[in-house]
Amino acid sequence: MVSKNYLFTSESVTEGHPDKVCDQISDAILDEFLTKDSKSRVAAETTVTTGLALVCGEISSDCYVDIPQVVRQTIKNIGYAGANGGGFDYKTCAVLTSIDEQSTDIAGGVNKALEKRKDNADTSTSETEDIGAGDQGIMFGYACNETPELMPLPINLAHKLSYRLAKVRKKGILDYLRPDGKSQVTVEYKDGKPSRIHTILISTQHDPVIGTISDNEKIQEIIAKDLKEQVINHVFKKEKIKPDKDTKILINPSGRFVIGGPQGDAGLTGRKIIVDTYGGYSRHGGGAFSGKDPTKVDRSAAYAARYVAKNIVAAGLAEKCEIELAYAIGVAEPISILVDTFGTGKISDNNLSELVSKNFDLRPQGIINKFDLRGLPAKNGGKFYQKLAAYGHFGRTDLDIPWEETDKAETLKEQAEKYLTAKV
């Protein structure tokens, strides 16, 4: 039996982390293609290292995009420019591309679904518009009532700390900070509920000299003091659970952190999938999001699964809910749908599965239409997916994200009444 008293830790990284640089480049390319041609098929992978950014993958589109220009502009916006770049600079780094068209075999499977519509779920998609999943795979979505965003508390707090860390750098509040950084939060649970903040960890890249101070010990003292005041205290002043006298606060525990970003470590698209989702609190199917157009169910179905789980929790039908979806390449309907409320459901998980099948269209085309996944970049000034590529794809309150809506909650609540009545 799993203990109800435990510690759980989640991490987040800033937009300047080398892996997140790659995610943002891949999604900036996706944004650009979808803005110019909403039917573009994109699978863009990026890697960065000292003085180099390489973009490769498969893209089919009726428009032209200056990929090197997109890469450089993205790196510049993150903050890797000149002396502040800490050895990586958008102007001087080499940008290489190796792009092919989408495989005709994959395209054929996507364009013509092998499964016909089987249920009467609410949908505006006709059978002739159906498309098949771009690949096989499993996707998970999760929600819980630990936070107003219906996200697990550890990842929710870790993202807020990383977001604030980047903000104080960009606004010049702490002008000695550099783009690379990480946060980590450990929450103590009692009886399965968050009870206190056990540990807060922040590591941030910084200038070798702060003002006129070059002594490393004094620099670390300054950073620790500033981050407690400007980052930690700022984030937790709005939180119900705050650090207490026994909370461990670790800031740059390794000491000096001057060499960072792509100069310190190579980066790769899709290597921060746990940061992108639920901080390890929920299972993960293994597929990354960034650089993939909406026909890739790694992305679109994961968004749909979050939408379903969040609406179930928002309806008050469970305290926590995890949805698993499985797809086959070229097949429109999910192969399987699993609802797990971990014993917190007001009705059975099987009954919830019936409600999910009745109320949610989980075919790729249905998901694309519901959230307008192809049109979101154009509707948001050419930038949408890139903004998701740092600080999480779920639980965001700074962005207008369609799969975070709880518009199905009331319907689910009403339809669940027949099961509740049957119980009585």
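See above for the structure.
Structural notes, computed from the coordinates. The shown structure was predicted, so the numbers you read here are calculated from the model rather than taken from an experiment. (Residues numbered from 1 in each chain as written. Predicted model: local features only at pLDDT ≥ 70, side-chain atom pairs only at ≥ 80, totals over all residues. Heavy atoms only, no water.)

1. Some points on the sheet that holds strand β10 (residues 320–327)
Spatial strand order, β5-β10-β11: 3 strands in an open sheet with antiparallel pairing. Both outer strands of the open sheet, β5 (137–144) and β11 (336–340), are each paired with one neighbouring strand and no more. The average angle at which neighbouring strand axes cross in this sheet is 15 degrees, direction not considered. Both β5 and β10 contribute to a ladder of 8 bridges, which runs antiparallel. (Pairing = 2+ DSSP bridges. Helix = DSSP H or I, 4+ residues; strand = E, 2+ residues; numbered from the N terminus. Axes fitted to C-alpha atoms, helices over the stretch in contact; angles between N-to-C directions.)

2. A few points about empty space enclosed by the protein
Taken as a whole and assessed by the stated rule, the structure comprises 2 cavities of 30 Å³ or more. In terms of residue class, the lining of the largest cavity is built from 7 nonpolar, 5 polar and 2 charged. The computed volume of the second largest cavity comes to approximately 40 Å³. Lining the second largest cavity we find Thr-14, Leu-165, Ala-166, Arg-169, Leu-177, Arg-178, Pro-179, Asp-180 and Thr-204. Elements with a contribution of two residues or more to the lining of the second largest cavity: α4 (153–170) and β6 (177–190). Top element by residues in the lining of the second largest cavity is β6. It accounts for 4 residues. Its residues assigned to classes, the lining of the second largest cavity comprises 4 nonpolar, 2 polar and 3 charged. (1 Å grid on protein atoms, 1.4 Å probe; cavity = no way out; pocket = protein on both sides within 12 Å on 5 of 7 lines; lining within 4 Å. Points joined across faces, edges and corners; volume = space filled by probe spheres on them. Nonpolar A, V, L, I, M, F, W, Y, C, P; charged D, E, K, R; others polar.)

3. Notes on the sheet that holds strand β3 (residues 52–60)
Strand order in this open sheet of 4 strands is β4-β3-β2-β9, and the pairing throughout is mixed. The two strands at the open ends of the sheet, each matched to only one other strand, are β4 (94–100) and β9 (267–268). Summarising the sheet, strand β2 (residues 41–49) and β3 pair through 9 bridges and their orientation is antiparallel. Bridge pairing in β3 links Ala-44 to Gly-57. On top of the sheet, helix α2 (residues 67–78) reaches β3 and β4; it is set at about 130 degrees to β4, its chief contact. (Contact = heavy atoms within 4.5 Å.)

4. A closer look at a negative patch on the surface
Taken together, Glu-45, Glu-58, Asp-100 and Glu-101 make up a surface patch of like negative charges. Note on placement: Glu-101 falls in the loop between β4 and α3 (104–111). Residue Glu-101 is classed as exposed on the basis of its relative accessible area of 58%. (Patch = residues over 30% accessible without salt bridge, like charges linked within 9 Å, V, L, I, M, F, W, Y side chains within 5 Å. Areas by Shrake-Rupley, 256 points an atom, 1.4 Å probe, with all protein chains shown as cover. Salt bridge = Lys/Arg side-chain N within 4 Å of Asp/Glu carboxyl O. Lys, Arg positive; Asp, Glu negative; His and termini not counted. Charge placed at Lys NZ, Arg CZ, Asp CG, Glu CD. Buried < 20%, exposed > 50% of the residue type's maximum accessible area, 1.4 Å probe, protein only.)

5. Points about the packing of α4 against helix α5 (residues 216–236)
Relative to each other, α4 and α5 sit at 135 degrees, their axes nearing to 9 Å. As far as their axial angle goes, α5 and α4 are oblique. In this structure, α4 crosses over α5, and the sense of that crossing is right-handed. Note on element contacts: α5 touches α4 through Leu-227, Gln-230, Val-231, Ile-232, His-234, Val-235 and Phe-236, opposite Leu-157, Lys-160, Leu-161, Arg-164, Leu-165 and Val-168. Across the contact of α4 with α5, the residue classes break down as 9 nonpolar, 2 polar and 2 charged. (Parallel < 35°, antiparallel > 145°, perpendicular 65-115°, else oblique. Left-handed = near helix turned anticlockwise from the far one by under 90°.)

6. Examining the nonpolar core
By size, the foremost hydrophobic cluster in this structure holds 102 residues, and its most contacted members are Ile-75, Ile-312 and Trp-403. It is helix α8 (residues 297–314) that contributes the most residues to this core, 11 residues altogether. Setting aside residues no more than four positions away along its own chain, Trp-403 makes contact with Tyr-303, Arg-306, Tyr-307, Phe-371, Leu-373, Leu-376, Phe-384, Leu-388, His-393 and Phe-394. (Core = buried A, V, L, I, M, F, W, Y, C linked by side-chain atoms within 4.5 Å.)

7. A few points about the environment of Gly-291
One can find Gly-291 in the loop between α7 (273–276) and α8. Note: C-alpha distance between Gly-291 and Gly-57 (234 residues apart in sequence) is 9.2 Å. In this structure Gly-291 touches Ser-26, Asp-27, Val-42, Ala-43, Ala-44 and Arg-299, once residues within four positions along its chain are discounted.

Function-wise, these values are silent; they only describe arrangement.
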